[in-house]
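Chains, contacts and geometry: an overview
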Amino acid sequence: MHACVTGASGHIGANIVHELVSRGHRVSVSARSLDRLRAVKGLSVYAHVGDVLDQKSLRDAMEGADVLFHAAAVYKNWTKDPEEMPRIALEGTRHALHAAKDAGVKRVVLTSSCNAIGFTKDLAKLPDEKTWNDAPHLPYVRAKIESERLAHALAKELGLELVAVLPTGVLGRFDYAVTPSTRTFVDVLNRKGPLGFPMNLIEVRDVAIGHVLAAEEGTPGERYLLGGENVDVETLATLVREETGVDPKIGLPPAWVLATVAAVAETVSKVTGKEPVLTRAMVRELAASKGIVFDCSKAKRELGFEPRAAREVVHEAARWAAFTGLVDPAIGAKLPPDPAWTRTETKARDAA
């Protein structure tokens, strides 16, 4: 296929590019500046400077493509303007789909999120693709819900084959910007944060494979959760301990403590402009949750998706965190990097 990938400078987008190139596909990428494409440096791709808020630049990047992987997104738990992320997500999705129509693209694979489904309220009844999150608190979550709903509606209107994929807790290589998911995992390794909930973990290379499978095998109009194992807190703690030597903290503080910490952190962030480690919206999002686990059988059944085990997800995420200097060097000594990583720029500390 000839594929165009938006958000190629991001964690998921960069790994989609690597997967497509490894399969011999022709790939065009779009990013706001070429120097942001460090994670795909050295790959044979057609790079375009573009912005999801500039429909013409997207149209130029999609010239000749038959599949669009729309992975561009702002992934933060906080911004000074809570309307910023939903606004960019909606405008970006609208521009991307109209550009795809104008460029003659036939199929669009949209990167949504498990957050558009919502966290688990009953561990005996895991949510799946039929569920929609009807009570979002975080701007990022609202952005994902609203942009996915818009994409489904707009695709029908424009006659595009749209398949939505919804990754769960994504960890692994090429996350130079340090996403909230990676930050949470790094905090666990540095014993700054606890393991508090059962979680579904997915290695980012599998997320990329799931995107390609969705392009090849997915049914237009359908949603597919891309997730791996559901792991309880004790099991996850054991995996972290055995793979890294770190004995992680377990269990969250009382809700009132979290709310107090969040309020202070937000106040500080208004002054510094830096993202707080915790927000009151995050506390509300988790308050009614019993875990971040899902029924991910649909992608396995319909796409032939076969994700890695949770142990390997933990191992690979820890290797990447060590490689980019985000954890104690003593941890890194036990986790040698993939030799391929030395061909890219290495330090993510400045972005953390």
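The structure we're discussing is the one just above.
The paragraphs below set out a description of the structure included in this document.

Rules used in this analysis
Residues numbered from 1 in each chain as written. Predicted model: local features only at pLDDT ≥ 70, side-chain atom pairs only at ≥ 80, totals over all residues. Heavy atoms only, no water. Core = buried A, V, L, I, M, F, W, Y, C linked by side-chain atoms within 4.5 Å. Buried < 20%, exposed > 50% of the residue type's maximum accessible area, 1.4 Å probe, protein only. Helix = DSSP H or I, 4+ residues; strand = E, 2+ residues; numbered from the N terminus. Contact = heavy atoms within 4.5 Å. Polar contact = N/O pair within 3.5 Å; in protein donor to acceptor, adjacent residues only side chain to side chain. Phe/Tyr/Trp six-rings, centres within 6.5 Å; stacked < 30°, edge-to-face > 60°. Lys NZ or Arg CZ within 6 Å of the ring centre and 35° of its normal. Pairing = 2+ DSSP bridges. Expected span 1.5 Å × (residues − 1). Arc of directions from axis to C-beta.

1. Describing the nonpolar core
In this structure, Met 62, Leu 68 and Leu 97 are the most contacted members of the largest nonpolar core, which totals 43 residues. Mapped by element, the contributors of at least two residues to this core are α2 (55-61), α3 (84-103), β5 (107-111), α4 (139-158), β6 (161-167), α8 (255-272) and α9 (280-287). Here this core gets 8 residues from one element, more than from any other, and that element is α4. Sequence-distant contacts of Met 62, defined by excluding residues within four places in its chain, comprise Cys 4, Leu 68, Ala 96, Ala 99, Ala 100, Ala 103 and Val 105. Core analysis: the second largest hydrophobic core is formed by 39 residues, Ala 8, Phe 174, Leu 226 and Phe 305 among them.

2. Brief notes about the side chain of Thr 6
Along the polypeptide, Thr 6 turns up in strand β1 (residues 2-6). Among the polar contacts listed, one links the side chain of Thr 6 to the side chain of His 70, at a separation of 2.8 Å. Those residues in contact with Thr 6, other than ones at most four positions away along the chain, are Ser 30, Leu 58, Leu 68, Phe 69, His 70, Ala 71 and Ala 72.

3. Structural notes on the environment of Lys 121
Within the secondary structure, Lys 121 is located in the loop between β5 and α4. Sequence separation of Lys 121 and Gly 291 is 170 residues, and the distance between their C-alpha atoms is 7.2 Å. Leave out the neighbours within four places in its chain, and Lys 121 touches Ala 288 and Lys 290.

4. Thoughts on the packing of aromatic side chains
As enumerated under the stated definition, the model contains 6 aromatic pairs in all. Seen from their ring centres, Tyr 176 and Trp 320 are 5.3 Å apart, and the 75 degrees between their planes marks the pair as edge-to-face. Here the residue Tyr 176 occupies a position in the loop between β7 (169-171) and α5 (180-189), and Trp 320 occupies one in helix α11 (residues 310-323), the gap between them amounting to 144 residues. In this structure, Tyr 176 and Trp 320 share a single accessibility class: buried. Ring geometry for Trp 320 versus Phe 323: centroids 5.5 Å apart, planes at 45 degrees, classification tilted. Here Trp 320 and its partner Phe 323 are both found in helix α11, 3 residues apart, which amounts to about one turn of the helix. What makes Phe 323 buried here is its relative accessible area of 13%. We note Arg 26 situated over the ring of Tyr 46; from NZ or CZ to the ring centre the distance is 4.7 Å.

5. Let's talk about the sheet that holds β7
Pairing is mixed across the open sheet formed by 3 strands, whose spatial order is β7-β8-β10. Only two strands of the sheet have a single neighbouring strand rather than two, namely β7 and β10 (230-231). Pairing geometry for strand β8 (residues 199-203) and β10, over 2 bridges, is antiparallel. Following the sheet pairing, Met 199 is matched in β10 by Val 231.

6. A word on helix α7 (residues 233-244)
With 12 residues, α7 should cover 16 Å at 1.5 Å per step; its first-to-last C-alpha distance of 16 Å lies within 8% of that length. Within α7, the full set of buried residues consists of Val 233, Leu 236, Ala 237, Leu 239, Val 240, Glu 243 and Thr 244. The buried residues of α7 occupy an angular sector of 160 degrees when the element is viewed end-on, so they sit on one face. With respect to the buried face of α7, the exposed residues turned more than 90 degrees away are Glu 234 and Glu 242. On its buried face, α7 is in contact with α5, β8, β10, α11 and α12 (329-332). Where α7 begins, the capping side chain belongs to Asp 232, and its oxygen is found 3.2 Å from the backbone nitrogen of Glu 234. Of the residues flanking the end of α7, it is Gly 245, one or two places downstream, whose phi is positive at about 85 degrees.

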